[in-house]
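Now for the letters of each chain:
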Amino acid sequence: MYSDLIHLGGADKYVDEVLEIINSIKLLDDFSADEVRYLCAYMQCYAAPRDYSLLVEGTGGDYLLLILSGGVDVYKNDASAEGRHMVARLGIGDTIGEMSLIDGFPRSATCITTHPTDFAVFSRASMQELLVNMPKLGNKILIKLLQLMTERLRDTSNRYPDGAFFSLV
Ligand code: CMP
(Lines give C-alpha, C1' and ligand atoms only; values in the text may rest on other atoms or scores of the structure.)
Protein backbone atom coordinates (compact mmCIF):
# COMPACT_ATOMS: atom_id res chain seq x y z
CA MET A 1 0.00 0.00 0.00
CA TYR A 2 1.43 3.39 -1.05
CA SER A 3 4.91 1.92 -1.52
CA ASP A 4 5.80 4.95 -3.70
CA LEU A 5 5.07 7.40 -0.87
CA ILE A 6 7.07 8.39 2.19
CA HIS A 7 6.01 6.14 5.07
CA LEU A 8 5.95 8.30 8.20
CA GLY A 9 5.43 5.32 10.54
CA GLY A 10 2.73 4.40 13.03
CA ALA A 11 0.23 7.10 13.99
CA ASP A 12 1.09 6.39 17.65
CA LYS A 13 4.16 8.62 17.03
CA TYR A 14 1.82 11.51 16.17
CA VAL A 15 -0.79 11.29 18.93
CA ASP A 16 0.03 14.81 20.18
CA GLU A 17 -0.36 16.25 16.67
CA VAL A 18 -3.66 14.37 16.22
CA LEU A 19 -4.93 15.68 19.57
CA GLU A 20 -4.00 19.23 18.51
CA ILE A 21 -6.45 19.04 15.59
CA ILE A 22 -8.96 16.72 17.26
CA ASN A 23 -11.77 19.27 17.04
CA SER A 24 -11.45 19.31 13.25
CA ILE A 25 -11.46 15.52 12.99
CA LYS A 26 -15.14 14.64 12.62
CA LEU A 27 -14.38 10.94 13.01
CA LEU A 28 -12.78 11.45 16.43
CA ASP A 29 -14.20 14.70 17.79
CA ASP A 30 -15.90 13.08 20.78
CA PHE A 31 -13.14 10.56 21.55
CA SER A 32 -11.05 10.86 24.70
CA ALA A 33 -7.27 11.26 24.52
CA ASP A 34 -6.89 7.64 25.66
CA GLU A 35 -9.27 6.41 22.96
CA VAL A 36 -7.36 8.41 20.32
CA ARG A 37 -4.07 7.00 21.60
CA TYR A 38 -5.45 3.47 21.35
CA LEU A 39 -6.82 4.05 17.82
CA CYS A 40 -3.56 5.58 16.63
CA ALA A 41 -1.83 2.28 17.40
CA TYR A 42 -3.92 0.80 14.54
CA MET A 43 -3.00 3.42 11.91
CA GLN A 44 -0.01 4.02 9.63
CA CYS A 45 0.92 7.47 8.31
CA TYR A 46 2.13 8.54 4.84
CA ALA A 47 3.06 11.77 3.05
CA ALA A 48 1.77 12.36 -0.50
CA PRO A 49 2.76 15.15 -2.90
CA ARG A 50 0.25 17.45 -4.63
CA ASP A 51 -1.79 15.92 -7.52
CA TYR A 52 -1.41 12.40 -6.20
CA SER A 53 -4.35 9.98 -6.63
CA LEU A 54 -4.92 8.58 -3.15
CA LEU A 55 -7.99 6.58 -4.22
CA VAL A 56 -9.11 5.71 -7.75
CA GLU A 57 -12.76 5.16 -8.71
CA GLY A 58 -13.51 1.55 -9.60
CA THR A 59 -10.44 0.05 -7.93
CA GLY A 60 -10.50 -2.18 -4.87
CA GLY A 61 -9.50 -1.17 -1.37
CA ASP A 62 -10.50 -1.94 2.19
CA TYR A 63 -9.13 1.01 4.14
CA LEU A 64 -9.98 4.60 4.90
CA LEU A 65 -7.67 7.59 5.05
CA LEU A 66 -7.74 10.32 7.65
CA ILE A 67 -6.36 13.58 6.25
CA LEU A 68 -3.92 15.12 8.75
CA SER A 69 -2.63 18.00 6.57
CA GLY A 70 -3.25 19.28 3.04
CA GLY A 71 -6.45 18.33 1.22
CA VAL A 72 -8.11 16.37 -1.57
CA ASP A 73 -10.65 16.90 -4.33
CA VAL A 74 -13.17 14.12 -4.91
CA TYR A 75 -14.15 13.36 -8.53
CA LYS A 76 -16.73 11.10 -10.16
CA ASN A 77 -16.13 9.81 -13.68
CA ASP A 78 -18.68 10.93 -16.28
CA ALA A 79 -19.16 11.18 -20.04
CA SER A 80 -18.32 14.92 -20.29
CA ALA A 81 -15.34 16.26 -22.25
CA GLU A 82 -13.32 16.41 -19.02
CA GLY A 83 -14.29 12.84 -18.22
CA ARG A 84 -15.05 13.65 -14.59
CA HIS A 85 -16.67 16.22 -12.33
CA MET A 86 -15.76 17.33 -8.83
CA VAL A 87 -18.20 16.37 -6.09
CA ALA A 88 -16.37 17.58 -2.99
CA ARG A 89 -13.31 19.38 -1.67
CA LEU A 90 -12.07 17.92 1.62
CA GLY A 91 -9.36 18.96 4.05
CA ILE A 92 -7.72 18.46 7.42
CA GLY A 93 -9.71 16.11 9.64
CA ASP A 94 -11.85 14.66 6.85
CA THR A 95 -11.91 10.97 6.03
CA ILE A 96 -12.02 9.33 2.61
CA GLY A 97 -12.38 5.68 1.66
CA GLU A 98 -14.84 4.77 4.41
CA MET A 99 -17.39 3.49 1.85
CA SER A 100 -15.24 0.62 0.54
CA LEU A 101 -13.94 -0.05 4.05
CA ILE A 102 -17.52 -0.77 5.09
CA ASP A 103 -19.12 -2.42 2.05
CA GLY A 104 -16.14 -3.96 0.21
CA PHE A 105 -17.29 -2.56 -3.15
CA PRO A 106 -14.85 -0.74 -5.49
CA ARG A 107 -14.02 2.88 -4.75
CA SER A 108 -16.96 5.16 -5.60
CA ALA A 109 -14.80 8.15 -6.57
CA THR A 110 -11.26 9.32 -7.24
CA CYS A 111 -9.53 11.43 -4.55
CA ILE A 112 -6.61 13.60 -5.66
CA THR A 113 -4.44 15.71 -3.37
CA THR A 114 -4.69 19.49 -3.82
CA HIS A 115 -1.59 20.11 -1.66
CA PRO A 116 1.17 17.99 -0.16
CA THR A 117 -0.90 15.83 2.17
CA ASP A 118 -0.12 13.72 5.24
CA PHE A 119 -2.67 11.05 6.05
CA ALA A 120 -3.27 8.05 8.32
CA VAL A 121 -4.55 4.70 7.03
CA PHE A 122 -7.10 2.62 8.96
CA SER A 123 -7.83 -0.77 7.40
CA ARG A 124 -10.76 -3.17 7.68
CA ALA A 125 -8.40 -5.69 9.31
CA SER A 126 -7.59 -3.11 12.00
CA MET A 127 -11.28 -2.38 12.43
CA GLN A 128 -11.99 -6.08 12.92
CA GLU A 129 -9.12 -6.40 15.39
CA LEU A 130 -10.39 -3.38 17.29
CA LEU A 131 -13.93 -4.80 17.40
CA VAL A 132 -12.56 -8.01 18.96
CA ASN A 133 -10.08 -6.36 21.36
CA MET A 134 -12.09 -3.29 22.37
CA PRO A 135 -15.71 -3.79 21.28
CA LYS A 136 -16.91 -0.55 22.89
CA LEU A 137 -14.35 1.55 21.05
CA GLY A 138 -14.85 -0.46 17.82
CA ASN A 139 -18.60 0.14 17.93
CA LYS A 140 -18.08 3.82 18.71
CA ILE A 141 -15.98 4.28 15.59
CA LEU A 142 -18.40 2.23 13.44
CA ILE A 143 -21.33 4.42 14.49
CA LYS A 144 -19.25 7.54 13.83
CA LEU A 145 -18.45 6.25 10.33
CA LEU A 146 -22.15 5.66 9.67
CA GLN A 147 -22.93 9.20 10.81
CA LEU A 148 -20.25 10.64 8.51
CA MET A 149 -21.55 8.65 5.55
CA THR A 150 -25.16 9.72 6.04
CA GLU A 151 -24.07 13.34 6.55
CA ARG A 152 -22.11 13.22 3.28
CA LEU A 153 -25.02 11.61 1.42
CA ARG A 154 -27.41 14.28 2.70
CA ASP A 155 -24.97 17.04 1.77
CA THR A 156 -24.42 15.69 -1.76
CA SER A 157 -28.09 15.02 -2.48
CA ASN A 158 -29.04 18.50 -1.20
CA ARG A 159 -26.69 20.07 -3.72
CA TYR A 160 -28.53 18.52 -6.69
CA PRO A 161 -32.06 19.71 -7.44
CA ASP A 162 -35.02 17.50 -8.31
CA GLY A 163 -33.41 14.10 -8.38
CA ALA A 164 -30.49 15.13 -10.64
CA PHE A 165 -28.22 13.54 -8.02
CA PHE A 166 -29.78 10.15 -8.63
CA SER A 167 -28.92 10.27 -12.34
CA LEU A 168 -25.26 10.83 -11.33
CA VAL A 169 -24.88 7.82 -9.06
P1 CMP B 1 -14.76 5.09 -1.21
O2 CMP B 1 -15.89 4.79 -2.13
O3 CMP B 1 -14.20 3.99 -0.41
O4 CMP B 1 -13.57 5.73 -2.07
C5 CMP B 1 -13.78 7.01 -2.66
C6 CMP B 1 -14.17 7.96 -1.56
O7 CMP B 1 -14.53 9.27 -1.98
C8 CMP B 1 -15.44 7.48 -0.86
O9 CMP B 1 -15.19 6.25 -0.23
C10 CMP B 1 -15.73 8.68 0.00
O11 CMP B 1 -14.85 8.73 1.10
C12 CMP B 1 -15.37 9.80 -0.97
N13 CMP B 1 -16.59 10.30 -1.61
C14 CMP B 1 -17.32 9.70 -2.57
N15 CMP B 1 -18.39 10.46 -2.92
C16 CMP B 1 -18.31 11.56 -2.14
C17 CMP B 1 -19.12 12.73 -2.01
N18 CMP B 1 -20.20 12.91 -2.76
N19 CMP B 1 -18.76 13.66 -1.11
C20 CMP B 1 -17.64 13.50 -0.35
N21 CMP B 1 -16.84 12.41 -0.44
C22 CMP B 1 -17.17 11.46 -1.32
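Residues numbered from 1 in each chain as written. Predicted model: local features only at pLDDT ≥ 70, side-chain atom pairs only at ≥ 80, totals over all residues. Heavy atoms only, no water.

For the chain, an unreviewed UniProt entry supplies the name Putative transcriptional regulator, Crp/Fnr family and the organism Methylovorus glucosotrophus.

The next point concerns the pairing of strand E4 (residues 63–69). Most of E4 sits out of view: six of its seven residues are buried. As paired strands, E4 and strand E9 (residues 117–123) are joined by six bridges and run antiparallel to one another. Among the inter-strand pairings, Leu 66 is bridged to a residue of E9, identified as Ala 120. Pairing between E4 and strand E7 (residues 95–96): two bridges, direction antiparallel. What sits directly across from Leu 66, in E7, is Thr 95. (Buried < 20%, exposed > 50% of the residue type's maximum accessible area, 1.4 Å probe, protein only. Helix = DSSP H or I, 4+ residues; strand = E, 2+ residues; numbered from the N terminus. Pairing = 2+ DSSP bridges.)

When we look at burial in helix H2 (residues 33–40), the residues that qualify are Val 36, Leu 39 and Cys 40. End-on view of H2: buried residues confined to an arc of 100 degrees, all on one side of the axis. (Arc of directions from axis to C-beta.)

Contacts to the ligand come from 15 residues, most closely from Gly 97, Glu 98, Ser 100, Arg 107 and Ser 108. Between the ligand and the protein, one listed contact pairs an oxygen atom with a backbone N or O atom of Gly 97 at 2.9 Å. The side chain of Glu 98 places a nitrogen or oxygen atom 2.9 Å from an oxygen atom of the ligand. When the ligand sits alone it has 450 Å² of accessible area, and the protein chains cover 94% of it. Taken together, the elements giving at least two residues each to the shell around the ligand come down to strand E6 (84–91), helix H3 (98–103) and helix H5 (135–158). If one sorts the elements of the shell around the ligand by residue count, H3 sits on top with three residues. (Near = heavy atom within 4 Å. Polar contact = N/O pair within 3.5 Å; in protein donor to acceptor, adjacent residues only side chain to side chain. Areas by Shrake-Rupley, 256 points an atom, 1.4 Å probe, with all protein chains shown as cover.)

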